Amino acid sequence: MMDIEQIARVVKLVESSQLHEVTIADNEQSIKVVNSLGVQSNVSANPIDAMTTNEPEQQGSDVLQVCATYVGQVYLSEDDATDNLVKEGDHIQKGQTVCFIDELTRLQPVISNKEGVVTAVLVENGQNVEYGQPILDLSGAPI
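Residue positions are counted from 1 within each chain, in the order its sequence is given. Only residues with pLDDT of 70 or above have their local features reported here, since the model is predicted, and side-chain atom pairs are shown and tallied only from 80 upward, although totals for entire chains, interfaces and linings are computed over all residues. To obtain the side-chain values, all non-hydrogen atoms of the structure were included, while hydrogens and water were left out.

(A) How the structure looks around the overall build of the chain. Numbered from the N terminus, helices here are DSSP runs of H or I no shorter than four residues, and strands are runs of E no shorter than two. Secondary structure assignment for the chain yields two helices and 11 strands. Written out in order from the N terminus, the α and β elements of the chain read α-β-β-β-α-β-β-β-β-β-β-β-β. Burial classification: accessible surface area is computed with a 1.4 Å probe over protein chains only, and a residue below 20% of its type maximum counts as buried, one above 50% as exposed, and the rest as partly exposed. Looking at the chain residue by residue over its 143 residues, the buried ones come to 34%. Residues count as neighbours in contact if any of their non-hydrogen atoms are within 4.5 Å of one another. Look at the contacts in the chain between residues 6 or more apart in sequence, and 52% of them connect residues 24 or more apart. All accessible areas in this document rest on Shrake-Rupley with a 1.4 Å probe, and a residue is counted as covered only by the protein chains that are shown. Of the roughly 8,700 Å² that the chain leaves accessible, carbon and sulfur atoms contribute 50%.

Structure (structure tokens):
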């Protein structure tokens, strides 16, 4: 069982370091601490919650964007033999996997935190992306 004091120490260490995020697993529990460039730090017992709440969002604009949740190489399809998961004109739902990012040899899904119609795919298959980099432009009313 994770001790709240240990968690607090980890949060303080991440805040004072240049680390972007740390995930700690203990038996069947895991916790992810994300350093949002000193603006805020979020702790979540569910990595999916932390991943979606830390995505940069466009504000004051009709253009919505789905952004990279990891640093790595982006893959628009599940493998080389299948079509891209999304393309221009597709309607995507909140919670839908839109691509994958190869982060340190682990293929991580990028899950949309918005709903809308894809107006542009902003990256190419195999392109290196940074955390927060826009991957898709969407049109549609925010949910």
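(B) The pattern of salt bridges, seen in detail. For this analysis, a salt bridge means a side-chain nitrogen from Lys or Arg found within 4 Å of a carboxyl oxygen belonging to Asp or Glu. What the rule picks out here adds up to two salt bridges. In this structure, Asp-90 engages Lys-87 in a salt bridge whose closest nitrogen and oxygen atoms are separated by 3.6 Å. Assessed through its relative accessible area of 51%, Lys-87 is described here as exposed.

(C) Representation of the sheet that holds strand β7 (residues 97-103). At least two bridges found by DSSP between two strands is the condition for calling them paired. Overall, antiparallel pairing links the four strands, which are arranged β8-β7-β5-β10 in an open sheet. Strands at the two margins of the open sheet, each flanked by one partner only, are β8 (106-111) and β10 (128-129). Both strand β5 (residues 72-75) and β7 contribute to a ladder of three bridges, which runs antiparallel. Bridged to Val-74 within β7 is Ile-101.

(D) Spatial organisation of the environment of Asn-125. In this fold, Asn-125 is placed in the loop between β9 (116-121) and β10. Distance from Asn-125 to Leu-76, taken between C-alpha atoms, is 5.5 Å for residues 49 residues apart in sequence. Setting aside anything within four residues of it in sequence, one finds Asn-125 in contact with Val-74, Tyr-75, Leu-76 and Ser-77. Pairs of N or O atoms are called polar contacts if they sit within 3.5 Å, as long as, within protein, a hydrogen donor faces a hydrogen acceptor (for residues adjacent in sequence, only side-chain-to-side-chain pairs). A polar atom in the side chain of Asn-125 sits 2.8 Å from the backbone nitrogen of Leu-76.

(E) The arrangement of the confidence of the model for the chain in detail. In the predicted model, the chain carries a mean pLDDT of 77, and 77% of its residues have values of at least 70. The predictor reports its confidence for every residue as pLDDT, a score running from 0 up to 100. In this model residues 38-60 is a low-confidence stretch, pLDDT under 50, and it forms 47 contacts with partners more than four residues away in sequence or in other chains.

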